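Here is what each chain is made of, one letter per residue.
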Amino acid sequence: RQKLVSYSWNLVGSLLGILLFYFLSFMWAPPSIWILLATLMLMPFLRKHINSLFPSALAAVMLLAFLNVPFRSSQLDVYSPYQLLTLIVQRDYPPELRVNNVYYQRILDLSEETLQCKEHLEGWADHYALPYYFKPEPEQVLIVGSGTGNDVAAAIRHGAGEIDAVEIDPAILHFGRALHPESPYQARNVNAIVEDARSFIRHTDK
């Protein structure tokens, strides 16, 4: 019976750990929060061992301080529920987004007004306009992995009717809403959907 009780507590601990992991991911918690909670949970086990408690607490404080020091003023790290996102903002360059330290996308202003004074962006504009050479002014558009909104803005510029923009990562969508100069996610004909694209396609009635 004693073994059964111990196993039950083991299961409870596992379930609580899963719930805590889910909650911290949902809240976009950075590593410092994870380490702080782990330290606080370990402290009760060390309270009777002062010799171990003090150096452990000191090491935790130093690690937390190190993790919260911004080494680059032009760089912002955000820990989304799925990955590490790094936003890089530099003068005279469009904001750049990296995913797990790998280039992902630039937030581009490809409006007609901007292209008139920045001709070097015309190649990007042609890239995003490609689908609409084959289907001008479509009534409905589905964009999977809509990112920060470059594809959404292109659909708007080319006269799309209703636009469903599906993006699984809420933090990427947040960057698009807050930073994209063309404000594509704020358009009335755009439905921004935070969901896995496969799930959306499987369940949509469109």
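Below: a short report on this structure. Not measured: the values here are computed from a predicted model. Residue numbers run consecutively from 1 along every chain, following the written order of its sequence. Reporting of local features is limited, given that this is a predicted model, to residues whose pLDDT is at least 70; pairs of side-chain atoms are given and counted only at 80 or more, and all residues count toward the totals for whole chains, interfaces and linings. In computing side-chain values, all of the structure's heavy atoms are included and hydrogens and water are not.

## Topic: the overall build of the protein
When its secondary structure is counted, the protein shows eight helices and seven strands. Referenced to the eigenvectors of the C-alpha coordinate spread, the extents of the protein come out at roughly 70 × 45 × 25 Å. Sorting the 206 residues of the protein into buried and exposed places 30% on the buried side. Two residues qualify as a contact provided that any one of their heavy atoms is within 4.5 Å of a heavy atom in the partner residue. A sequence separation of at least 24 residues applies to 49% of the contacts in the protein between residues at least 6 apart. Taken as a whole, the protein presents about 14,200 Å² of accessible surface, with 61% of it coming from carbon and sulfur. Taking the 16 positively charged and 20 negatively charged side chains of the protein as two groups, their mean positions are separated by 18 Å. We count a stretch as a helix when DSSP gives it H or I for four or more residues in a row; a strand needs E for two or more, and each element gets its number in order from the N terminus. Only protein chains enter the accessibility calculation, which uses a 1.4 Å probe; a residue whose area is less than 20% of its type maximum is buried, one above 50% is exposed, and one in between is partly exposed. Every accessible area reported is derived by Shrake-Rupley at a probe size of 1.4 Å, with residue values counting cover from the shown protein chains alone. Positive charges come from Lys and Arg alone, negative charges from Asp and Glu alone, with His and the N- and C-terminal ends not counted. All charge positions are set by atom: Lys at NZ, Arg at CZ, Asp at CG, Glu at CD.

## Here we look at helix α5 (residues 122-134)
When the terminal C-alpha atoms of α5 are compared, their 19 Å separation across 13 residues agrees well with the 18 Å that a helix rising 1.5 Å per residue should span. Along α5, the sharpest kink reaches roughly 45°, centred on Tyr128 and followed within four residues by the proline Pro131. Among the residues of α5, those classed as buried are Ala125, Tyr128, Ala129 and Tyr132. Its buried side turned inward, α5 meets β4 (102-106), α4 (112-117), β5 (140-144) and α6 (150-157). By this rule the span expected of a helix is its residue count minus one, scaled by 1.5 Å. Each residue is assigned a bend, namely the angle between axes fitted to the seven residues that terminate at it and the seven residues that start at it.

## Some remarks on unusual backbone geometry
Within the chain, Asp92 stands out as a residue other than glycine whose phi angle is a positive 70°. Topologically, Asp92 is positioned in the loop between β2 (84-88) and β3 (96-99). The class of Asp92 is exposed, set by a relative accessible area of 75%. Even without being a glycine, Ser183 presents a positive backbone phi close to 50°. The topology assignment puts Ser183 in the loop between α7 (170-179) and β7 (190-194). On the basis of relative accessible area, Ser183 is assigned to the partly exposed category, the value being 34%.

## Comments concerning α7
Among the residues making up α7, those that are buried are Ala171, Ile172, Leu173, Phe175 and Gly176. Lining the buried residues of α7 we find β1 (75-79), β2, β3, β4, β6 (162-167) and β7.

## Some points on the side chain of His180
Assignment of secondary structure puts His180 in the loop between α7 and β7. Since its relative accessible area comes to 3%, His180 is described here as buried. A polar contact of 2.9 Å, which involves the side chain of His180, links it to the side chain of Asn150. With residues near it in sequence (within four places) discarded, His180 still touches Ile107, Leu108, Thr148, Gly149, Asn150, Ala153 and Phe175. Pairing of N or O atoms within 3.5 Å defines a polar contact, subject to two protein rules: one partner must be a possible hydrogen donor and the other a possible acceptor, and residues neighboring in sequence count only if both atoms are side-chain atoms.

That is the geometry; function is a separate question.
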